[in-house]
Amino acid sequence: MLDDSTRAQIDKALLMAKALYGKGHMKEAQHACNLVLRLDPANSAALVRLGLIARLERRLNEAIGHFVDALGVDPGNLFAARHLIASYREAGQPEKAEQLLAAWLRRAPKEPELLFEKGRSLLDRGELPAAA
């Protein structure tokens, strides 16, 4: 259990990571996330942010690892799942993307972000009418 002081440090570092990411300072954002993970190794927000950084920098296998870890901590994290699906697709692993997407669509069949990913998957396969 984290004490209030540690929790406050984590919250501050997460806010800093988000702001730095938004300003394009990826190395500093990554450092802030790593600080969070030293204090709280199972912090899904820091894992997701590291995944976003890695995905942006096209380190897709690393991004996949971070999103998988985030979902291990928070299995209901739709944001992490959507970015994991996209990372699988971008990494040339469409089967994994489609399997994960199908599982999430069973849970949330009308979720706009998942429907977007379904459209992207269909588009990648050349199924233009279905993608539309």
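Keep in mind that what you see is a predicted model, and the values were worked out from it rather than measured.

Novice: I'd love a proper account of the overall build of the protein chain, names of residues and values included.
Specialist: Along the backbone of the protein chain there are eight helices and zero strands. Listing every helix and strand of the protein chain by position from the N terminus yields α-α-α-α-α-α-α-α. When burial is assessed residue by residue, the protein chain has 41% of its 132 residues classed as buried. Restricting the contact set of the protein chain to residue pairs at least 6 apart, pairs at least 24 apart contribute 46%. With an accessible surface of roughly 7,600 Å², the protein chain has 57% of that area assigned to carbon and sulfur atoms.

Novice: Would you mind going over the packing of aromatic side chains in detail, with residue names and values included?
Specialist: For the structure shown, the criterion picks out zero aromatic pairs. Across the ring face of Trp 104, the terminal group of Arg 107 is positioned such that the distance to the ring centre comes to 4.1 Å.

Novice: Requested: an account of the packing of helix α5 (residues 78-90) against helix α6 (residues 94-107), with residues and values cited.
Specialist: For the pair α5 and α6, the least separation of the axes is 7 Å and the interaxial angle reads 155°. Considered as vectors, α5 and α6 are oriented roughly antiparallel to each other. In the packing of α5 onto α6, the handedness of the crossing is left-handed. On α6, the residues that touch Leu 78, Ala 81, Leu 84, Ile 85, Tyr 88 and Arg 89 of α5 are Pro 94, Lys 96, Ala 97, Leu 100, Leu 101 and Trp 104. When its residues are assigned to classes, the contact of α5 with α6 shows 10 nonpolar, no polar and two charged.

Novice: Which residues make up the pattern of salt bridges, and what values do they have?
Specialist: Following the criterion strictly, the structure yields 11 salt bridges and no others. Residue Asp 11 is joined to Arg 7 by a salt bridge in which the shortest nitrogen-to-oxygen separation is 4.0 Å. One end of the pair is Asp 11 and the other is Arg 7, both in helix α1 (residues 4-22) and four residues apart, which spans about a single turn. The partly exposed category is assigned to Asp 11, whose relative accessible area is 38%. Taking relative accessible area as the criterion, Arg 7 reaches 33% and is therefore assigned partly exposed. A cluster of three or more residues bridged by salt bridges with shared partners is formed by Arg 82, Arg 89, Glu 117 and Asp 124.

Definitions and limits used
- Residue numbers here run from 1 along each chain, matching the order of that chain's written sequence.
- Side-chain atom pairs in this predicted model are given and counted only at pLDDT of 80 or more, local residue features only at pLDDT of at least 70, and totals for whole chains, interfaces and linings cover all residues.
- Hydrogens and waters are ignored; side-chain quantities use all the structure's heavy atoms.
- Every helix listed is a DSSP run of H or I at least four residues long, and every strand listed is a run of E at least two residues long, numbered separately from the N terminus.
- Type-normalised accessible area, obtained with a 1.4 Å probe on protein chains alone, sets the label of each residue: buried when under 20%, exposed when over 50%, and partly exposed for intermediate values.
- Contacts: residue pairs with any heavy atoms within 4.5 Å of one another.
- The accessible surface values rely on the Shrake-Rupley method and a 1.4 Å probe; as for residues, cover is taken only from the protein chains in view.
- Any two of the Phe, Tyr and Trp rings considered here, Trp counted by its six-membered ring, make a pair once their centres fall within 6.5 Å; the pair's planes then place it as stacked at under 30 degrees, edge-to-face at over 60, or tilted in between.
- Two conditions define a charge sitting above a ring: the NZ of Lys or the CZ of Arg must be within 6 Å of the ring centre, and it must be within 35 degrees of the ring normal.
- For helices, the fitted line uses only the C-alpha atoms of the stretch in contact; every axis is such a line through C-alpha atoms, and the angle between N-to-C directions lies from 0 to 180 degrees.
- Roughly parallel means an angle under 35 degrees; roughly antiparallel, over 145; roughly perpendicular, 65 to 115; everything else is oblique.
- Working rule for handedness: look at the near helix, and if it is turned counterclockwise from the far one by less than a right angle, call the crossing left-handed; if clockwise, right-handed.
- Under the scheme applied here, ten amino acids are nonpolar (Ala, Val, Leu, Ile, Met, Phe, Trp, Tyr, Cys and Pro), four are charged (Asp, Glu, Lys and Arg), and all others, including Gly, are polar.
- Salt bridges are identified by distance alone: a Lys or Arg side-chain nitrogen within 4 Å of an Asp or Glu carboxyl oxygen.

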